[in-house]
Amino acid sequence: MLSVASDMEIRARRANYGRRKSICAEGFDPTAEDDDDEVHKVVHPKTDGQRKRLESIIGKMLMFSSLDAEQTQQILDAMFERTVVPGDHVIDEGDDGDNFYIIERGTYDIFVNDDAKNPQHKGTYNGYGAFGELALMYNCPRLATIIATSPGSLWAMDRRTFQRIIVRNQFLKRQQFEVFLESVPLLSTLTKEERMKVADAMVTRNYETDDVIIQQGDPADYFYMLVSGRVVVKRTGDDPSRPNAEVVLTVYSPGNYFGELALIQNQPRAASAIAEGKVKCAVLDVQAFERLLGPCKELLMRNIPLYEQQLSEIYKDFNIKE
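Along each chain, residue indices are assigned from 1 in the same order as the chain's sequence is written. Only residues with pLDDT of 70 or above have their local features reported here, since the model is predicted, and side-chain atom pairs are shown and tallied only from 80 upward, although totals for entire chains, interfaces and linings are computed over all residues. As a convention, hydrogens and water are excluded, and side-chain values are obtained from all of the structure's heavy atoms.

A. Highlighting the overall build of the chain. A count of helical and extended segments in the chain gives 12 helices and 14 strands. Burial classification: accessible surface area is computed with a 1.4 Å probe over protein chains only, and a residue below 20% of its type maximum counts as buried, one above 50% as exposed, and the rest as partly exposed. Per-residue burial over the chain gives 43% buried out of 322 residues. Within the chain, contacts between residues separated by at least 24 positions form 78% of all contacts whose residues are at least 6 apart in sequence. Method for areas: the Shrake-Rupley scheme with a 1.4 Å probe, in which residue coverage is limited to the protein chains shown. When the accessible surface of the chain is split by element, carbon and sulfur atoms take 50% of a total near 17100 Å². Counting from the N terminus, the helices are the DSSP runs of H or I reaching at least four residues and the strands are the DSSP runs of E reaching at least two. Whether two residues touch is decided by their heavy atoms; if any such pair falls within 4.5 Å, the residues are in contact.

Written as structure tokens, this is what we have:
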């Protein structure tokens, strides 16, 4: 499904390039302050049960993770429910984009036309996922046809609300992280477009003094890049005579990254990472890490001998003490 999504995004960018005039005519500018935000707010009434269901769904989606509380409430207000039966076409390839859709339940087939305009089955959504955003983000026609194959329910958001909140937020986040990402040596092998995809997928997390960012022994779920502050990496259990004694392995400063070893080796966390003062991290979940930092894997693998050397030095110190 990831390869299908990536292919459609490439096609959307190309379609966007060929439609510059229509984009200008539409007049949406993510850098402009919208004085008519209050006028353009859309509210579709919902029961408490519907609102709780929708809140639970969007809370799990990366696209909404960087929105503030007010933006999230506007998203909840603007979405409306659409029920479908088998055979319903939710969107059709070539049509103008009107809504963005989130699946609550049901199964949906994805079709993309080949060069002869014959629909080819590319995948299936099984009760979870979202679609329709590319036509709204890149102002291009629909790139696929989505057909319901079972009774189902979707939540839809109109084009204007999507652009006013989601597209603008994404643009501002890119601006925020652009300079930082260029300063991270790990990402030097990525193109600017690849770095921007990393920025789109990143979530900002803030920590206070002594907050545990990573706990030794926990499953690996996120990759961290340090934006500001200092992070101390500590490990326990290496001294047989003092199993609870902590040893400081290293201290990270802005531009450093951590948490990748457990993701690469699919192992529990080998050490704890603790905030020293106020800390801001840019975080990628494991799926985004694998999809976006694949070109950097060779560089990441080079760090493994360094970690092993650090542990060897620790063991050596313990042997001297004994």
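B. Representation of the sheet that holds strand 4 (residues 107-113). Taken in spatial order, the 4 strands line up as 2-7-4-5 in an open sheet, and their pairing is antiparallel. A strand with exactly one partner marks an edge of an open sheet, and here the two such strands are strand 2 (89-91) and strand 5 (119-126). Here the average twist between neighbouring strands, direction ignored, is 30°. Sheet topology note: the strand 4/strand 7 (residues 145-148) ladder contains 4 bridges and is antiparallel. Its bridge partner being in strand 7, D109 is matched across the sheet by I147. In short, DSSP must find at least two bridges between two strands for them to pair. Between N-to-C directions, angles cover 0 to 180 degrees, with each direction set by a line fitted to C-alpha atoms, over the stretch in contact for helices.

C. Examining unusual backbone geometry more closely. In the Ramachandran plot, K117 falls in the positive-phi region, its phi being about 70° despite a non-glycine side chain. Summarising the element assignment, K117 is placed in the loop between strand 4 and strand 5. Its identity is not glycine, yet D210 carries a phi of approximately 75°, on the positive side. In this structure D210 comes out as exposed when scored by relative accessible area, which is 58%.

D. Summary view of the confidence of the model for the chain. Of the residues in the chain, 80% have a pLDDT of 70 or more, and the chain-wide mean is 81. Across the chain, strand 2 holds the top mean pLDDT of 97, while helix 2 (residues 20-26) sits lowest at 39. Scored between 0 and 100, pLDDT is the confidence that the predictor attaches to each residue. Within the model, pLDDT remains below 50 along residues 17-25, and this stretch shows 7 contacts once partners closer than five positions in the same chain are excluded.

E. Main features of the sheet that holds strand 6 (residues 130-131). Reading across the sheet, the 4 strands line up as 1-8-3-6 and stay open at both edges, with antiparallel pairing between neighbours. Two strands lie at the open edges of the sheet, namely strand 1 (80-84) and strand 6, each paired on one side alone. Taken together, the 5 bridges between strand 1 and strand 8 (residues 152-158) define a ladder with antiparallel strand orientation. Along strand 8, the bridge assignment pairs R82 with L154.

F. Here's a closer look at the pairing of strand 3 (residues 99-105). Burial of strand 3 is extensive: 6 of the 7 residues sit out of reach of the surface. Direction of pairing for strand 3 relative to strand 8: antiparallel, over a ladder of 6 bridges. Bridging across to strand 8, Y101 finds its partner in A156. Sheet analysis places strand 3 next to strand 6, joined by 2 bridges and oriented antiparallel. Across the sheet, residue I102 finds its bridge partner in strand 6, namely A130.

G. Layout of the pattern of salt bridges. In the sections that follow, a salt bridge refers to a side-chain nitrogen of Lys or Arg positioned within 4 Å of a carboxyl oxygen of Asp or Glu. In the structure shown here, the tally under the stated rule is 9 salt bridges. Of the charged contacts, one joins R142 and D98 as a salt bridge, the two residues approaching to 3.1 Å between their closest N and O atoms. Taken together, the residues R142 in the loop between helix 6 (133-138) and strand 7 and D98 in the loop between strand 2 and strand 3 connect sequence positions 44 residues apart. For D98, a relative accessible area of 42% translates into the label partly exposed. Among the ionic pairs, K234 bridges to E246, the shortest N-O distance being 3.7 Å. Of this pair, K234 sits in strand 11 (residues 222-236) while E246 sits in strand 12 (residues 246-252), placing them 12 residues apart in sequence. Given the relative accessible area of 23%, K234 is considered partly exposed. Salt bridges here are not isolated pairs; linked through shared partners, they connect R53, E81 and E104.

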